[in-house]
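Observations on chain architecture
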Amino acid sequence: MLQISDNLKHVREKIAKAASKVGRNPQDIQLVAVSKTVDIKRIKQAIEVGATILGENYIQEARRKIEELGQDVRWDFIGHLQSNKVKYAVDLFEMIHSVDRLSLAQEINRAAEKKKKEVRILIQVNISGEEAKSGIDPGGVISLVREIASLPNLSMEGLMTMPPYFDDPEDARPYFTSLRELRNTILMENIEGISLKELSMGMSGDVEVAIEEGSTLVRVCSAIFGERNLTTS
Ligand SMILES: *Cc1c(COP(=O)(O)O)cnc(C)c1O
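The sections below set out a description of the structure shown in this document. (Residues numbered from 1 in each chain as written. Predicted model: local features only at pLDDT ≥ 70, side-chain atom pairs only at ≥ 80, totals over all residues. Heavy atoms only, no water.)

1. Considering the pattern of salt bridges
Scanning all chains against the criterion turns up 17 salt bridges. A salt bridge links lysine 21 to glutamate 212; the nearest nitrogen and oxygen atoms lie 3.2 Å apart. Of this pair, lysine 21 sits in helix H1 (residues 2-21) while glutamate 212 sits in helix H8 (residues 207-212), and the two are 191 residues apart along the sequence. Overall, the relative accessible area of 62% leaves lysine 21 in the exposed class. Judged by its relative accessible area of 18%, glutamate 212 falls in the buried class. Close ionic contact of arginine 173 with glutamate 170 constitutes a salt bridge, the shortest N to O distance being 2.7 Å. Among the ionic contacts, a cluster of salt bridges with common partners joins Lys21, Glu170, Arg173, Arg180, Glu212 and Glu213. (Salt bridge = Lys/Arg side-chain N within 4 Å of Asp/Glu carboxyl O. Helix = DSSP H or I, 4+ residues; strand = E, 2+ residues; numbered from the N terminus. Buried < 20%, exposed > 50% of the residue type's maximum accessible area, 1.4 Å probe, protein only.)

Here it is as structure tokens:
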């Protein structure tokens with residue numbers, strides 16, 4: 001309990017420091033506590049000490065946890081979403097960070113329409129071009145945004161990315177810069193009915209750099225909950 005509380009405090013301080021370094025308001029940066037593979041007891045502790053947004057990667061695991069912990073806190077989906085799991089995702093999550101193809105967006109829109117809901121979404125962009133990474137190529141983002149803008153039950157709110165892993169977080173900076181610049185390029189298209197306010201970028205190792213480059217949603221797991229067991233993550 002104390003550990004999670006200290007960790008959360010430490011992460012919040014890091015966020016505030018990075019924000020003030022570049023003259024941003026720390027309130028413009030939201031912390032998503034990523035709870036993949038973390039047990040219910042520890043997630044509960046995090047909520048008790050002030051975590052308000054939880055991030056999950058796997059639908060099955062998230063269903064179990066959310067049924068038990070409830071939806072007073074906000075749950076965001078940050079993992080790869082398969083089409084056959086969309087109906088659950090729409091029930092469980094307020095925001096989906098990982099929309100990377102039109103068929104998936106259409107699927108989410110249909111499910112949201114059935115439930116008379118609006119789902120907040122981000123487009124996941126594969127800035128690095130690594131083959132193993134999910135996300136749409138930067139070159140395809142503008143046309144995907146246009147298509148999504150016409151889907152009435154989706155609220156298009158921004159972009160998400162995951163750079164490759166580096167020991168030195170400075171090496172991740174160019175990927176964050178690219179995502180921000182891509183966002184600015186799309187804004188110049190003046191596409192109606194969308195917002196691109198959110199940039200979901202930055203994790204335990206590179207929160208500061210991501211915030212300096214404009215992140216509005218940082219997704220942090222190990223710096224809050226401790227190192228993951230590598231065999232189960
Ligand atoms: C696990 C995960 C994170 C957080 O990872 P840490 O480096 O442990 O903070 C962020 N985003 C996604 C998509 C993840 O899967």
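Still more ground to cover, so stick around.
2. Structural notes on the packing of helix H2 (residues 40-48) against helix H3 (residues 59-69)
Packing of H2 against H3 leaves a shortest axis separation of 11 Å and a crossing angle of 50°. By the angle between their axes, H2 is oblique relative to H3. In the packing of H2 onto H3, the handedness of the crossing is right-handed. Where H2 approaches H3, its residues Ile40, Ile43 and Lys44 are matched on the opposing element by Arg64, Lys65, Glu68 and Leu69. Of the residues contributing to the contact of H2 with H3, the split by class is 3 nonpolar, no polar and 4 charged. (Axes fitted to C-alpha atoms, helices over the stretch in contact; angles between N-to-C directions. Parallel < 35°, antiparallel > 145°, perpendicular 65-115°, else oblique. Left-handed = near helix turned anticlockwise from the far one by under 90°. Contact = heavy atoms within 4.5 Å. Nonpolar A, V, L, I, M, F, W, Y, C, P; charged D, E, K, R; others polar.)

3. Notes on the environment of leucine 102
For leucine 102, the position within the fold is in helix H5 (residues 102-114). For the pair leucine 102 and isoleucine 136, spaced 34 residues apart in sequence, the C-alpha to C-alpha distance is 10.0 Å. Once residues within four sequence positions are removed from consideration, leucine 102 is found in contact with Leu144 and Glu147.

4. Quick notes on the pairing of strand S4 (residues 95-99)
S4 sits mainly inside the fold: 5 of its 5 residues count as buried. Across 2 bridges, strand S3 (residues 74-77) lies against S4 in parallel orientation. Following the sheet pairing, aspartate 76 is matched in S4 by methionine 95. What joins S3 to S4 is helix H4 (residues 86-92), and the crossover it makes is right-handed. Note that S4 and strand S5 (residues 119-125) share 3 bridges and pair parallel. Its bridge partner being in S5, methionine 95 is matched across the sheet by arginine 120. Once the chain exits S4 it traverses H5 before rejoining the sheet at S5, and the crossover so formed is right-handed. (Pairing = 2+ DSSP bridges. Right-handed = clockwise from strand over helix to strand, strands pointing away.)

5. Details of H5
With 13 residues, H5 extends 19 Å between its outermost C-alpha atoms, agreeing within 8% with the 18 Å of an ideal straight helix rising 1.5 Å per residue. Among the residues making up H5, those that are buried are Leu104, Ala105, Ile108, Asn109, Ala111 and Ala112. Axial view of H5: buried residues confined to an arc of 170°, hence all on one face. Looking at the buried side of H5, the elements it contacts are H4, S4, S5, helix H6 (141-149) and strand S6 (154-161). Positive phi appears at lysine 116, one or two residues downstream of H5, with a value of about 50°. (Expected span 1.5 Å × (residues − 1). Arc of directions from axis to C-beta.)

6. Considering the pairing of S3
Going residue by residue along S3, you find Arg74 and Asp76 tucked away on one face and Trp75 and Phe77 tucked away on the opposite face as well. Following the backbone out of strand S2 (residues 53-56), through H3 and into the adjacent parallel S3, one traces a crossover that is right-handed.

7. Thoughts on unusual backbone geometry
You will see that lysine 116, though not glycine, has its phi angle at about 50°, which is positive. Turning to its location among the elements, lysine 116 is positioned in the loop between H5 and S5. Residue classification places lysine 116 among the exposed residues on the basis of a relative accessible area of 74%. The phi dihedral of asparagine 190 falls on the positive side, at around 50°, and the residue is not glycine. Within the secondary structure, asparagine 190 sits in the loop between helix H7 (173-187) and strand S7 (198-200). The class of asparagine 190 is exposed, set by a relative accessible area of 66%.

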